[in-house]
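Here is how the chains run, residue by residue.
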Number of protein chains: 2
Amino acid sequence: MIEKKLKNIKGFLGNSIHSGIKYKNLDLSVIYSEKDCIAAGSFTKNLTVAAPVILSRGKINNPIRAIIVNSGNANAATGQKGYDDAEKMCSLVAENLNIGEESVLVSSTGVIGVHLPMEKIENGIKKISPTLTEENIINIPKGIMTTDTFEKCGSIEFTIDNEKIIINGMAKGSGMIHPNMATMLSFLTTNINISKDLMQKALSEVVKDTFNMISVDGDTSTNDMVLLLSNQTSVNKQIIDEDKNYKTFKNALHEILEYLSISIARDGEGATKLLKVNLSNALTKESARILAKSVITSSLVKSAFFGEDANWGRILSTLGASGTFMDPKKVDLSFKSIVNSIDLMKDGEPLNFSEEDAAKILAEDEIEIIIDLKIGDFSAKAWGCDLTYDYVKINADYRT
Amino acid sequence: MIEKKLKNIKGFLGNSIHSGIKYKNLDLSVIYSEKDCIAAGSFTKNLTVAAPVILSRGKINNPIRAIIVNSGNANAATGQKGYDDAEKMCSLVAENLNIGEESVLVSSTGVIGVHLPMEKIENGIKKISPTLTEENIINIPKGIMTTDTFEKCGSIEFTIDNEKIIINGMAKGSGMIHPNMATMLSFLTTNINISKDLMQKALSEVVKDTFNMISVDGDTSTNDMVLLLSNQTSVNKQIIDEDKNYKTFKNALHEILEYLSISIARDGEGATKLLKVNLSNALTKESARILAKSVITSSLVKSAFFGEDANWGRILSTLGASGTFMDPKKVDLSFKSIVNSIDLMKDGEPLNFSEEDAAKILAEDEIEIIIDLKIGDFSAKAWGCDLTYDYVKINADYRT
């Protein structure tokens, strides 16, 4: 059961401040652990990978003590100086917190192709370092926002060996959201006692069905990064096999990542509606994922939902163009809101439906698109949002 | 040299009328040849393929006498009745023009998932059949439009064996434009004497570098179709090898298809700007095409051009996410209008550039994005348009 707030986990400190990278609002955040953490990560597959991603990816197997995150500037497509700046951010944090530079990860989000204002960041790190506390961690979800309209964080608590385990999760993301093996920024902290390899395995698998199944605009970011740190302070017997306790952990991780993923989709740039695709009976798991995600990605489908127009034929067109097999002659399709549902196609034949009933469902702010392909046994879910005037407005003016 | 109008080609007749499929405007068109034609075609790869595409694809090797085209309804995702309706359209044309049903091709464009109003079409075919003339062919570019704002047609004339050859080309397309091995509707007529196999080969190759390199919204249509008919009335010695004459023909075909492709991109739904990508020195021809097209397809890149914002970092991000190799450390990038140009990145390092100079270029209605990857020898061009409020408006309200 997700609680929509972060909890204190003993030993994890943090805070977020305004350093001046942005004109106003929090823009510089630090997560700090009093003891060494094992870390698991998932990073963008974009070849124009941002400097902080390259650097953090290379350090993910080190014992980790801190993560420094800035918003307002992605430090991507910034050449050699960009990489030097990312390294400098880590060394400044190490110096101020008296820890090793190799134990500091770095993450950035914001405009691409502009060098970081390093003087502001240097002063910011000096300013934030003495303010880190367990309580101040709750400022970070706001500090990592760019065009986001609300904070995305939550926690989940469960028991292993009668020990209370907590996973804290936070994420940001609103535009350039089409994660490929990772997502925009997401940071998770936990106290579970688990082997590093199994923690990475659980994260990698869960990311495929959660963050990787959302899309706001089909653009994969240069800065996507998910980091999970455990300080292993719980005294549960260390999880070293894929046993019942591993499954309990993986299910909890799935729950919180799905919750954060849906939060990102709901807050898609300019979005007025959350769209959920529930696709079943595809030939393979991979093709189920591709097909479900293709619906969420189509500009035409997204525009039709914004217009509250039951133009369901575009969904069939998108499925057919996805590049993986489906048989249009077998498809069942329906739309569902929390209270109503309507069938649009059965066995590949269009149904006569009431435009009035459809309009009622389409007026809701959360709509499920249910697709049964009837050609196999594999399912997938995906989440996205409508395409609106405001999406265009936000992205036409982003730098100004 | 393209002339921006259709010419009379002896033996090709046609016309377009209003039959009532649309509330107003021309919606039913026929191209008719007095003698048998050889035909070449290129069709959508969307698995949710429209009934008329299935039917015409199956007849492409027959001697062809006529093409019937309706706008206002795509006859896609319409089940068995949709297929029966497409067959009925062909048989009605055959009956009214006293030709064989097997010599009639059919093509449709418009809303998906709605059955055709067959009574209106039947009456329309009766009405149009006696009105076909060589001169009336000029009505067809208007008759095949949906959300297009201007007609797309042109002709090219050249000489083989001192014989005058003409290719007439017409096309429609404004939304759901992301052709995969074909495009929205395009019809071409010519009098060249060439073998059917070589005509198909030339068409297939040229489509890859022209229609397949445009994108308006990343959505591949269910109805994409290019048809090229030759009545072979020119007395040039029949082209049966890939000789000099074949190259002359193929170059002319390239010229007219590129012209029609650019017309479609310029008229993208809601577009205010034509974007041209000129990408060079990729590792392979295929990867050059993928990379060039990825830029044209990115919602974020397209929104930035609408906002006249020199947010060039998004282009680097898109190239990196395209799934094919590039090296961000080597890229040169510049923007160019008809009179000005500005360099933004050199050898992977961002350049200091004048925002004022950039703003001048971005204010133009035709902008070239020049990308030099410096990793290989292969080039590609692609064409698209900006993403605007009007794109969303048009597609939010399409059915109403």
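Residues numbered from 1 in each chain as written. Chains lettered and ligands numbered in written order. Predicted model: local features only at pLDDT ≥ 70, side-chain atom pairs only at ≥ 80, totals over all residues. Heavy atoms only, no water.

Remarks on the overall build of chain A
- Regarding its fold elements, chain A presents 11 helices and 15 strands.
- A compact globule built from 400 residues should have a C-alpha radius of gyration of about 21 Å, and chain A, at 22 Å, falls within 12% of that.
- Oriented by its inertia axes, the alpha-carbon framework of chain A measures out at about 70 × 55 × 35 Å.
- Within chain A, the proportion of its 400 residues that are buried is 62%.
- For chain A, the proportion of contacts with a sequence separation of at least 24, taken over those separated by at least 6, is 81%.
- Carbon and sulfur atoms provide 49% of the accessible area of chain A, an area that totals close to 14500 Å².
- Charge-centre separation for chain A: the mean point of 44 positive side chains lies 2 Å from the mean point of 52 negative side chains. (Helix = DSSP H or I, 4+ residues; strand = E, 2+ residues; numbered from the N terminus. Rg over C-alpha atoms; globule rule 2.2 N^0.38 Å. Buried < 20%, exposed > 50% of the residue type's maximum accessible area, 1.4 Å probe, protein only. Contact = heavy atoms within 4.5 Å. Areas by Shrake-Rupley, 256 points an atom, 1.4 Å probe, with all protein chains shown as cover. Lys, Arg positive; Asp, Glu negative; His and termini not counted. Charge placed at Lys NZ, Arg CZ, Asp CG, Glu CD.)

Some details on the pairing of strand S11 (residues 332-336) of chain A
Residue and element names in this part refer to chain A.
- S11 sits mainly inside the fold: 4 of its 5 residues count as buried.
- Inspection of the sheet shows S11 paired to strand S14 (residues 366-372) by 5 bridges, in the antiparallel sense. Residue pairing across strands places Asp-332 opposite Asp-372, the latter belonging to S14.
- The turn linking S11 back onto strand S12 (residues 341-346) is made up of 4 residues. (Pairing = 2+ DSSP bridges.)

As for the confidence of the model for chain A
Residues and elements named next belong to chain A.
- Of the residues in chain A, 96% reach a pLDDT of 70 or more, and the chain-wide mean stands at 91.
- Mean pLDDT in chain A bottoms out at helix H11 (residues 389-396), which sits at 82, and peaks at helix H3 (residues 118-128), which reaches 98.
- Note on the complex model: pTM 0.81, ipTM 0.75. (pLDDT = per-residue confidence, 0-100.)

Topic: a nonpolar patch on the surface
- Taken together, the side chains of Leu-47 of chain A together with Leu-283 and Phe-325 of chain B present a nonpolar region at the surface, about 260 Å² in accessible area.
- As for its position among the elements, Phe-325 of chain B is in the loop between helix H9 (313-320) and strand S11 (332-336).
- Look at Phe-325 of chain B and you get partly exposed, because its relative accessible area is 44%. (Patch = residues over 30% accessible without salt bridge, like charges linked within 9 Å, V, L, I, M, F, W, Y side chains within 5 Å. Salt bridge = Lys/Arg side-chain N within 4 Å of Asp/Glu carboxyl O.)

Structural notes on the pattern of salt bridges
- Summed over all chains, the structure comprises 40 salt bridges over all chains.
- Note that Lys-7 of chain B and Glu-157 of chain B form a salt bridge whose closest N and O atoms lie 2.5 Å from each other. One end of the pair, Lys-7 of chain B, is in the loop between strand S1 (2-3) and strand S2 (12-17); the other, Glu-157 of chain B, is in strand S6 (residues 152-160), with 150 residues separating them in the sequence.
- On the basis of relative accessibility, which here comes to 35%, the residue Glu-157 of chain B falls in the partly exposed class.
- We note a salt bridge from Glu-366 of chain B to Arg-266 of chain B, for which the minimum N-O separation is 3.3 Å. With a gap of 100 residues between them, Glu-366 of chain B in strand S14 (residues 366-372) and Arg-266 of chain B in helix H6 (residues 244-266) connect regions that are remote in the sequence.
- Through salt bridges with shared partners, one network takes in Lys-201, Glu-205, Glu-242 and Lys-250 of chain A.

A look at the sheet that holds strand S12 (residues 341-346) of chain B
- The strand order across the open sheet formed by 6 strands is S13-S12-S11-S14-S10-S15 (chain B), and the pairing between neighbours is mixed. For this open sheet the edge positions go to strand S13 (349-350) and strand S15 (378-385) of chain B, each flanked by a neighbour on one side alone.

Notes on the relation of the copies chain B and chain A
- Once chain B has been moved 0.0 Å along the axis and rotated by 180°, it coincides with chain A to within an RMSD of 0.0 Å. Interpreted geometrically, this transformation is the action of a two-fold axis. No C-alpha of chain B approaches the rotation axis more nearly than that of Tyr-389 of chain B, which lies at 2.5 Å.
- Most of the interface of chain B is mirrored in chain A, where 100% of its interface residues are also at the interface. (Least-squares fit on C-alpha atoms with pLDDT ≥ 70 in both.)

Remarks on a negative patch on the surface
All names here are of chain A.
- On the surface, Asp-84, Glu-87, Glu-101 and Glu-102 cluster together into a patch of negative charge.
- Structurally, Asp-84 can be placed in helix H2 (residues 79-97).
- On the basis of relative accessible area, Asp-84 is assigned to the partly exposed category, the value being 37%.

A word on the environment of Gly-154 of chain A
Residue and element names in this part refer to chain A.
- Take Gly-154: it is sitting in strand S6 (residues 152-160).
- Separated by 16 residues in the primary sequence, Gly-154 and Met-170 place their C-alpha atoms 6.6 Å from one another.
- Discounting residues that sit within four places of it in the chain, Gly-154 has contacts with Glu-3, Lys-4, Lys-5, Leu-6, Ile-167, Asn-168, Gly-169, Ile-256, Tyr-259 and Leu-260.

A look at the interface of chain B and chain A
- Between chain B and chain A, the residue contacts involve 57 residues of the former and 57 residues of the latter.
- Viewed at the interface, chain A and chain B are joined by 0 salt bridges.
- Taken together, the connections running from chain B to chain A amount to 10 residue pairs in polar contact (both at pLDDT 80 or more).
- Counting only elements with at least two residues in the side of chain B that touches chain A, the list comes to helix H2 (79-97), helix H8 (299-306), H9, S13 and helix H11 (389-396) of chain B.
- Taken together, the residues that form the side of chain B that touches chain A break down as 24 nonpolar, 23 polar and 10 charged. (Polar contact = N/O pair within 3.5 Å; in protein donor to acceptor, adjacent residues only side chain to side chain. Nonpolar A, V, L, I, M, F, W, Y, C, P; charged D, E, K, R; others polar.)

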